[in-house]
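# Structural overview
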Amino acid sequence: MRNARSPRLNLEMLYADGPIGSPYLFDLHDPAKFLLNGDDVPRNPQGVALIGDPRNDVHLFSLTLHVALLRAHNRIVDRLRASGIPEDEVFERARITLTWHYQWVVVHDFLPRLVGQPLVDEVLTGGGKWFTPEPLQAFIPLEFADAAYRYGHGQIRHTYRLTAGGPEVPLFPDLVGFGPPRQRLDLTQVFDVPGRPPAQRAKRLDGRLPASLIGLPEQVTGAVDETAYKSLAVRDLLRGDTTGLPSGEQVAELLGVPPLTEGTWPGGTPLWFYVLKESEAFGDSDRLGPVGGRIVAEVLLGLLRADRAGYLSLEPGWQPTLPANGETFGLTDLLIPDGSR
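First, a word on scope: everything that follows refers to the structure included in this document. (Residues numbered from 1 in each chain as written. Predicted model: local features only at pLDDT ≥ 70, side-chain atom pairs only at ≥ 80, totals over all residues. Heavy atoms only, no water.)

Counted by the stated rule, this structure contains 23 salt bridges. A salt bridge links Asp 206 to Lys 203, with the shortest nitrogen-to-oxygen separation between them at 2.7 Å. Note on accessibility: Asp 206 and Lys 203 belong to one class, buried. In this structure, Asp 284 and Arg 204 form a salt bridge, with 3.5 Å as the shortest nitrogen-oxygen distance. Placement of Asp 284 in the loop between α11 (271-282) and α12 (290-306) and of Arg 204 in the loop between β4 (168-170) and α7 (211-214) is noted, with a sequence separation of 80 residues between them. Judged by relative accessible area, which is 47%, Arg 204 ranks as partly exposed. (Salt bridge = Lys/Arg side-chain N within 4 Å of Asp/Glu carboxyl O. Buried < 20%, exposed > 50% of the residue type's maximum accessible area, 1.4 Å probe, protein only. Helix = DSSP H or I, 4+ residues; strand = E, 2+ residues; numbered from the N terminus.)

As structure tokens, then:
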């Protein structure tokens, strides 16, 4: 199997081929900036999103994050111009600035929360034990794409509050995308921001999925012959089976970590489900366990190291240059710099 996208953390879903190769993404009168339509992305006359990766329009959450990153790029363009950067360098400098901050957040904010700081430090200092692609030869392992990184499906809540004091609505079908958004999401409802009330918490990782994901709408699944194919759990299990992934117990044995003894399946537990149950057993349902954590940490850091344009390759000691609301730069500083959106 070949990756349809480049296996790099380079924000390709935003930039596509840049202002020259993908001019429809950018402002005709200011091509260093992305074109926006208020709180939405540009769309064709039939409502199809004009973005680098149309899958980011699947629901309100992914679309809102996409718009927030577009705004972050545009803010960086303004900062660079104010600092006197020559106009012919502004776009490329802004792209690199946003990409490196995004990569830094993955390494220093996202991964420590997900797999624990000790594992991140181990892979950063000693390198990966199982995944160490050479530069320009990176790929996305199936154990990551079809199992471990799908842990996020187990964190999705059945309902969400979109604005302060507003009602809670189910993700599907109420917030399904592929068209102009009918509602607005205030990102402070899903991300903790200094000076604002705590955000809604993700669902605990316990091997169960909410009703919204067990009966996906046809806009997401397309027409299916079997009702079971509307279940995201079934689709994840079939994906792992189709690609011939090893069981969770087999991976645990390979890694030399204690395998689960409860909540497993006779003959071997599908790796995706094993990662969820392992989190419940070893990560207090709040972070990944030794199998899932190892796969995710080594793959993300390995991909970054194999990217000759990434900060870990070019300047591993680099630090964020954009302002932070707290002691260290984090995701909310990129998405919600003023704490209001």
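Now that the structure has been shown, the text picks up again.
Right, let's get into the environment of Val 41. Summarising the element assignment, Val 41 is placed in the loop between β2 (30-34) and α3 (60-82). Ignoring anything within four residues of it in the chain, the contact list for Val 41 reads Ala 49, Ile 51, Leu 63, His 66, Val 67 and Leu 70. (Contact = heavy atoms within 4.5 Å.)

Below, the discussion takes up the packing of α11 against α12. Describing two packed helices takes the angle between their axes plus the distance from one axis to the other. Direction vectors running N to C along α11 and α12 enclose 115°, while the axes themselves pass 7 Å from each other. If you check the angle between α11 and α12, you find them roughly perpendicular. For the pair α11 and α12, the contacting residues are Leu 271, Tyr 274, Val 275, Glu 278 and Phe 282 in the first and Pro 290, Val 291, Gly 292 and Ile 295 in the second. When grouped by side-chain class, the residues that make up the contact of α11 with α12 number seven nonpolar, one polar and one charged. (Axes fitted to C-alpha atoms, helices over the stretch in contact; angles between N-to-C directions. Parallel < 35°, antiparallel > 145°, perpendicular 65-115°, else oblique. Nonpolar A, V, L, I, M, F, W, Y, C, P; charged D, E, K, R; others polar.)

On to the environment of Asp 192, then. Turning to its location among the elements, Asp 192 is positioned in the loop between β4 and α7. Between the alpha carbons of Asp 192 and Ala 324 there is a distance of 14 Å; along the sequence they are 132 residues apart. Ignoring sequence-local partners within four residues, the contact set of Asp 192 consists of Pro 198, Ala 199, Arg 201 and Thr 332. A polar contact is formed between the side chain of Asp 192 and the backbone nitrogen of Ala 199, at a distance of 2.8 Å. At 2.9 Å, the side chain of Asp 192 and the side chain of Arg 201 are in polar contact. (Polar contact = N/O pair within 3.5 Å; in protein donor to acceptor, adjacent residues only side chain to side chain.)

A separate point is the packing of aromatic side chains. Enumeration over the complete set of coordinates arrives at 12 aromatic pairs. Centre to centre, the rings of Trp 100 and Tyr 311 are 6.4 Å apart; their planes meet at 55°, and the pair counts as tilted. On the criterion of sequence distance, the pair formed by Trp 100 in helix α4 (residues 87-115) and Tyr 311 in helix α13 (residues 311-314) is long-range, its members being 211 residues apart. In terms of burial, Trp 100 and Tyr 311 fall into one category: buried. In textbook terms, an aromatic cluster arises when at least three aromatic residues are bridged by ring pairs, as seen for Tyr 15, Phe 26, Phe 34 and Phe 91. The ring of Tyr 160 has Arg 157 sitting right over it, with the charged end atom 5.6 Å from the ring centre. (Phe/Tyr/Trp six-rings, centres within 6.5 Å; stacked < 30°, edge-to-face > 60°. Lys NZ or Arg CZ within 6 Å of the ring centre and 35° of its normal.)

Turning to empty space enclosed by the protein, a few remarks are in order. In the structure shown here, the tally under the stated rule is two cavities of 30 Å³ or more. The volume enclosed by the largest cavity comes to roughly 100 Å³. Around the largest cavity, the lining is made up of 14 residues, and of these Leu 60, Leu 175, Val 176, Pro 181 and Arg 182 lie nearest the centre. Of the residues assigned to the lining of the largest cavity, the class counts are six nonpolar, four polar and four charged. Considering only residue class, the lining of the second largest cavity consists of nine nonpolar, one polar and no charged. (1 Å grid on protein atoms, 1.4 Å probe; cavity = no way out; pocket = protein on both sides within 12 Å on 5 of 7 lines; lining within 4 Å. Points joined across faces, edges and corners; volume = space filled by probe spheres on them.)

Here we take up α4. The end-to-end C-alpha separation of α4 is 41 Å, in line with the 42 Å expected for 29 residues at 1.5 Å each. Helix geometry: α4 is bent most strongly at Val 106, by close to 40°. Directly beyond the C-terminal end of α4, a positive phi value near 95° is found at Gly 116. (Expected span 1.5 Å × (residues − 1). Bend = angle between axes of the 7 residues up to and from the residue.)

With that settled, consider helix α10 (residues 248-255). Among all positions in α10, only Gly 248, Glu 249, Val 251 and Ala 252 are buried. Angular distribution of buried residues about the axis of α10 spans 160°; they occupy a single face of the element. In α10, those exposed residues whose orientation departs by more than 90 degrees from the buried face are Glu 253 and Leu 254. Against the buried residues of α10 lie α11 and α12. (Arc of directions from axis to C-beta.)

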